[in-house]
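Chain by chain, the residues run as shown.
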Amino acid sequence: MNSRSAARGFLAFLLSLPALQGSNDYKVIYAPYNVCALRDSTVDINCTYQFPNISEINPNNVTTLWFTKGEIHIPVNLTHDADNAGRVETSCGKVVCTPSLCVGNCTVRIKDLRQNDSAEYKFRFITNYEKGKYTGVPGVMLNVTDQVKVSFPASTDTTRVNMTCNSTCNQTGGFTYTWFRNGQNVEQGIYYKGNINSEDNYSCAVEGNKHLHSPSVYAPKPPSVTPSGKIEEGSSLTLRCSSDANPAANYTWFKDHEERQSGQNYIITNITSELGSNYYCQAHNAIGRRNSTSFLIELTSSSQTTAVAVGTIGVLLATILLLVFLWMRTKRASRTSGQGGSTETIEEPFPVPVYDNLSALTISSAPAVQRELIEDQDDLHYASVHISHSENQEVPRCLAGSCVQSDQTDEVLYSVVNFKRHNAVTEACDQRETGKTSDKDKKKTQGVNVNQ
């Protein structure tokens, strides 16, 4: 009973072997797994795939595709991607089967390569059998580059510089390189065989892709040094040397033709008179070397610096004072002009008494000589009389035969002053002195009109 059961189990195991073998025979093989290509060129990526030859799979009913986007089970067909329109082609050969396996091969061709074409490319096939699906992972890594460079491999010959042309993919095989000197085609090959002149520049390119030049290589241009000039004694200074060069230059500093140190920067601390001297730097690379112009570091003492600072401050203060003086003078001139600074006399009406007619005017303080002149002159007419008084001067006024003392400082204007008879003038003045006024004189002086 037990022997029969064991035999039946062994038989079932043997019958199941082909199926188990077939389930493990799904494969995708890439060759190579890494591909490097130049921008604008064309690249082919190849693979071989296999699946078991079982009755459930029809070898003539297999779907294939390449993809870079999407998941393994939900891929985006490379030929259906809008970014690849017109640039991607796939081709697959006929599937060949043996009693146990079926094998096929596929190629994807990408033209007009771009930088963003760099990716991992995976292949997937799908048979008519529900479990007959497979994706080859990991895929092929494609690196698209536009970099072609000139390198300088080490050499035991110190009298000669070696230059090699290659792409950044580090692939030299399969490409033909062209060399250029100052833009002119000079030779072909991975290595440059001509003499190298420090006055020239060199580049290379892959044959058929001459628009993809490597960057030119050249010796350093004349270097410049900053800063330079007068430096205060006891201070610190950092000198910097710069030069345009490819490959990048290395720098060496010299003082009076004696090598001091290497590096782009040269730091001098606590500068003394011994350090104030001629300096220059040298820039050098694999192609050549150039020296900067020699320059002199001049030292100045702190007292000189202080004197210069004081002088500068003095000039500044003098300038400020001059500007203030001119401003005050201009302001004073403007104020004078606004208050009537003209030297001409301008008559304007004043709020003072105005007399249209005055029959007689007596001045008690007039000397005898002046009285005689008044007596000799009849009918004097004055268009205007302008009398100015001091602030505290009391001015007598004779109105209607009486004299009134006034402390007013107003000016008096007379339109018309008539002197008729000298006897009347003398008489009026005498009466003012004695304080007596006759009725007759009052009547004569009543014709005075006062307008204020």
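Definitions and cut-offs
Throughout this document, residue positions are counted from 1 along each chain, in the order its sequence is written. Given that this is a predicted model, residues contribute local features only at a pLDDT of at least 70 and side-chain atom pairs are listed and counted only at 80 or more, while totals for whole chains, interfaces and linings are drawn from all residues. Hydrogen atoms and water are omitted, and side-chain values are computed over all heavy atoms in the structure. In this description, a nonpolar core means a group of buried Ala, Val, Leu, Ile, Met, Phe, Trp, Tyr and Cys residues linked to one another through side-chain atoms lying within 4.5 Å. Summary of the burial criterion: residues with accessible area below 20% of their type's maximum are buried, those above 50% are exposed, and those between are partly exposed, where the area comes from a 1.4 Å probe applied to protein chains only. Counting from the N terminus, the helices are the DSSP runs of H or I reaching at least four residues and the strands are the DSSP runs of E reaching at least two. Whether two residues touch is decided by their heavy atoms; if any such pair falls within 4.5 Å, the residues are in contact. Two strands make a pair as long as DSSP finds a minimum of two bridges between them. The axes used here are C-alpha line fits, helices contributing only the stretch in contact, and every angle between their N-to-C directions lies in the interval 0 to 180 degrees. Aromatic pairs are defined between Phe, Tyr and Trp rings, using the six-membered ring for Trp, whenever the two ring centres lie within 6.5 Å; interplanar angles under 30 degrees are classed as stacked, those over 60 as edge-to-face, and all others as tilted. Two N or O atoms form a polar contact when they lie within 3.5 Å of each other; inside protein one atom must be a possible hydrogen donor and the other a possible acceptor, and for residues adjacent in sequence the pair counts only when both atoms belong to side chains. Only a pair of cysteine sulfur atoms within 2.5 Å qualifies as a disulfide here.

The name an unreviewed UniProt entry assigns to the protein is Carcinoembryonic antigen-related cell adhesion molecule 6-like, from the organism Gadus morhua.

Trainee: Just checking my understanding: could you explain the nonpolar core for this structure?
Mentor: Note that soluble globular proteins tend to have their nonpolar side chains buried in a common cluster. With 26 residues, the main nonpolar core has Tyr49, Phe51, Trp66, Ile110, Phe123 and Leu142 as its most contacted residues. Among the elements of the structure, β1 (27-30), β2 (34-38), β3 (43-52), β8 (101-110), β9 (119-126) and β10 (133-145) are those that each provide at least two residues to this core. Of the residues forming this core, the biggest block, five residues, is contributed by β3. Setting aside its immediate chain neighbours within four residues, Tyr49 contacts Lys27, Val28, Val62, Thr64, Val95, Cys102, Val103, Gly104, Asn105, Cys106, Phe123 and Phe125.

Trainee: Mind showing me how you'd approach the sheet that holds β2 here?
Mentor: Across a sheet, paired strands are connected by hydrogen bonds in the backbone, their directions being either parallel or antiparallel. Read across the open sheet, the five strands follow the order β2-β10-β9-β4-β5; overall the sheet is mixed. Each of the sheet's edge strands pairs with one partner strand only, and the pair in question is β2 and β5 (75-77). Along the sheet, successive strands turn relative to each other by an average axial angle of 40 degrees, direction set aside. Here β9 runs beside β10; their pairing, made up of seven bridges, is antiparallel.

Trainee: Sorry, what's going on with the packing of aromatic side chains here?
Mentor: Think of a pair of aromatic rings as described by two things: how far the centres are apart, and how the planes are tilted against each other in angle. One pass over the structure, following the stated rule, counts 14 aromatic pairs. A ring pair is formed by Tyr192 and Tyr202, whose centres lie 5.4 Å apart and whose planes are at 65 degrees; its orientation type is edge-to-face. Taken as a pair, Tyr192 in the loop between β14 (184-188) and β15 (201-206) and Tyr202 in strand β15 lie far apart in primary sequence, 10 residues in all. Of the two residues, Tyr192 and Tyr202, neither departs from the other in class, the shared state being buried. Among the aromatic residues, those joined into a cluster by ring pairs are Tyr26, Tyr30, Tyr33, Tyr49, Phe51, Trp66, Phe123, Phe125 and Tyr134.

Trainee: Can you walk me through the sheet that holds β15 in this structure?
Mentor: Strand order in the open sheet formed by four strands is β14-β13-β15-β16, with antiparallel pairing between adjacent strands. For this open sheet the edge positions go to β14 and β16 (217-218), each flanked by a neighbour on one side alone. Looking at chain direction, strand β13 (residues 177-181) and β14 are connected through four bridges and run antiparallel. If you follow Phe180 over to β14, its bridge partner there is Asn185.

Trainee: I would appreciate a short explanation of the side chain of Asp117 in the present structure.
Mentor: Mapped onto the elements of the fold, Asp117 is located in the loop between β8 and β9. A polar contact is formed between the side chain of Asp117 and the backbone nitrogen of Arg114, at a distance of 2.8 Å. Those residues in contact with Asp117 that sit more than four places away from it in its chain are Asn84, Arg87, Ile110, Asp112, Leu142 and Val144.

Trainee: Hey, could you run me through unusual backbone geometry in this one?
Mentor: Leave glycine aside and you will find that most residues have negative phi; peptide bonds, for their part, are mostly trans. Here Val137 and Pro138 are connected by a cis peptide whose omega angle stands at 0 degrees. Within the element layout of this structure, Pro138 appears in strand β10. Cis geometry marks the peptide bond from Asn246 to Pro247; its omega dihedral reads 0 degrees. Mapping Pro247 onto the fold places it in the loop between β19 (237-242) and β20 (250-255). The phi dihedral of Asp40 falls on the positive side, at around 75 degrees, and the residue is not glycine. Along the chain, Asp40 falls in the loop between β2 and β3. Positive phi outside glycine occurs at Asn182, with the angle close to 55 degrees. As for its placement among the helices and strands, Asn182 is situated in the loop between β13 and β14. Given a relative accessible area of 39%, Asn182 falls into the partly exposed group.

Trainee: Help me understand the pairing of strand β4 (residues 63-70) in this model?
Mentor: Relative to β9, β4 is paired through five bridges, and the arrangement is antiparallel. Among the inter-strand pairings, Phe67 is bridged to a residue of β9, identified as Lys122. Pairing of β4 with β5 involves three bridges; the strand directions are antiparallel. In the sheet register, Lys69 faces β5, and the bridge partner there is Val76. The turn joining β4 and β5, which pair antiparallel and follow one another in sequence, is formed by four residues.

Trainee: What is the right way to look at the state of the cysteines in this model?
Mentor: Defined simply, a disulfide is a covalent bond joining two cysteines at their sulfur atoms. A complete count under the given rule lists four disulfides for this structure. Between the sulfur atoms of Cys97 and its disulfide mate Cys102 the distance is 2.0 Å. Disulfide Cys97-Cys102: the torsion about the S-S bond is 110 degrees, which places it as right-handed. Judged by relative accessible area, Cys97 falls into the partly exposed class, the value being 32%. What makes Cys102 buried here is its relative accessible area of 1%. There is a disulfide in this structure between Cys165 and Cys204, and the S-S distance comes to 2.0 Å. Between Cys165 and Cys204 the sulfur-sulfur dihedral comes to about 85 degrees; the bridge is accordingly right-handed. Taken together, the residues Cys165 in strand β12 (residues 164-167) and Cys204 in strand β15 connect sequence positions 39 residues apart. For Cys165, a relative accessible area of 0% translates into the label buried. The cysteine Cys47 is free of any disulfide, with Cys106 supplying the nearest cysteine sulfur at 5.6 Å.

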